[in-house]
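# Remarks on the overall topology
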Amino acid sequence: MKHKHDERAKKAVLNRLSRAIGHLEAVKQMVIDDEDCAQVLIQLAAVKSALNNTGKIILKDHIDHCIVQAVEQHDEETIEALKKAIDKII
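Everything quoted here is computed from the prediction, not taken from an experiment. Counting restarts for each chain: residues are numbered from 1 in the order of the written sequence. With the structure being a predicted model, the display of local features is reserved for residues of pLDDT at least 70 and the display and counting of side-chain atom pairs for 80 or more, all residues being used for whole-chain, interface and lining totals. Each side-chain value is derived from all of the structure's non-hydrogen atoms; neither hydrogens nor water enter the calculation.

Another aspect to go through is unusual backbone geometry. Peptide bonds are mostly trans, and most non-glycine residues show a negative phi. With phi around 55°, Asp 34 is a residue other than glycine that occupies positive phi space. With respect to the element layout, Asp 34 can be found in the loop between helix H1 (7-32) and helix H2 (37-72). Positioned with a positive phi, His 74 is a non-glycine residue whose angle comes to about 55°. Helix numbering and strand numbering both begin at the N terminus, where a helix is a DSSP run of H or I of at least 4 residues and a strand a DSSP run of E of at least 2. Looking at the element boundaries, His 74 is found in the loop between H2 and helix H3 (76-89). Burial status follows relative accessibility: with a 1.4 Å probe on protein chains alone, a residue under 20% of its type maximum counts as buried, one over 50% as exposed, and anything between as partly exposed. On the basis of relative accessible area, His 74 is assigned to the exposed category, the value being 68%.

Structural data, given as structure tokens:
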């Protein structure tokens, strides 16, 4: 089901993703530059954390808007899609 997202929330998610992409590019450069493996791993952990936190924001927004609407409209397909997405995320 296609739906419109709040532009402010979408912009916040896109900003977080852009920062994570930039950070990942920096990690890539660390590997190219043969930097210390422990530091690369620490930076990778930071990227994973940033992506996980972005996923949480998207999930919360999805539940607050899309899933509430799906329940109101008895849209089982959207609810099942959320269950599948949660299985893949966790």
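Exposure above 30% relative accessible area and no salt bridge define the residues that can form patches, which grow by joining like charges within 9 Å and nonpolar side chains of Val, Leu, Ile, Met, Phe, Trp and Tyr within 5 Å. Note on areas: Shrake-Rupley, 1.4 Å probe, and residue coverage restricted to the protein chains presented here. A pair is scored as a salt bridge if a Lys or Arg side-chain nitrogen falls within 4 Å of a carboxyl oxygen belonging to Asp or Glu. Positive residues here are Lys and Arg, negative ones are Asp and Glu, while His and the chain termini are left out of the count. Think of each charge as sitting on NZ of Lys, CZ of Arg, CG of Asp or CD of Glu. Side chains of Asp 33, Asp 34, Glu 35 and Asp 36 sit close together on the surface and give a patch of like negative charge. Note that Glu 35 resides in the loop between H1 and H2.

On to the packing of H1 against H2. Between N-to-C directions, angles span 0 to 180 degrees; the directions come from axes that are lines fitted to C-alpha atoms, helices contributing only their stretch in contact. One way to put it is that H1 packs onto H2 with a least axis distance of 10 Å and a crossing angle of 165°. Taken together, the axes of H1 and H2 lie roughly antiparallel to each other. The element H1 and its partner H2 pack so that their crossing is left-handed. Taken together, the residues of H2 that come into contact with H1 (itself represented by Val 13, Arg 16, Leu 17, Ala 20, His 23, Leu 24, Val 27, Met 30 and Val 31) are Gln 39, Val 40, Gln 43, Leu 44, Ala 46, Val 47, Ala 50, Leu 51, Asn 53, Thr 54, Ile 57 and Ile 58. Oblique is the label for any angle not covered by the other classes, which are roughly parallel (under 35 degrees), roughly antiparallel (over 145) and roughly perpendicular (65 to 115). Throughout, a crossing is termed right-handed when the near helix is turned clockwise from the far one, and left-handed when it is turned anticlockwise from it by less than a right angle. Contacts are assigned to residue pairs with any non-hydrogen atoms lying within 4.5 Å of each other.

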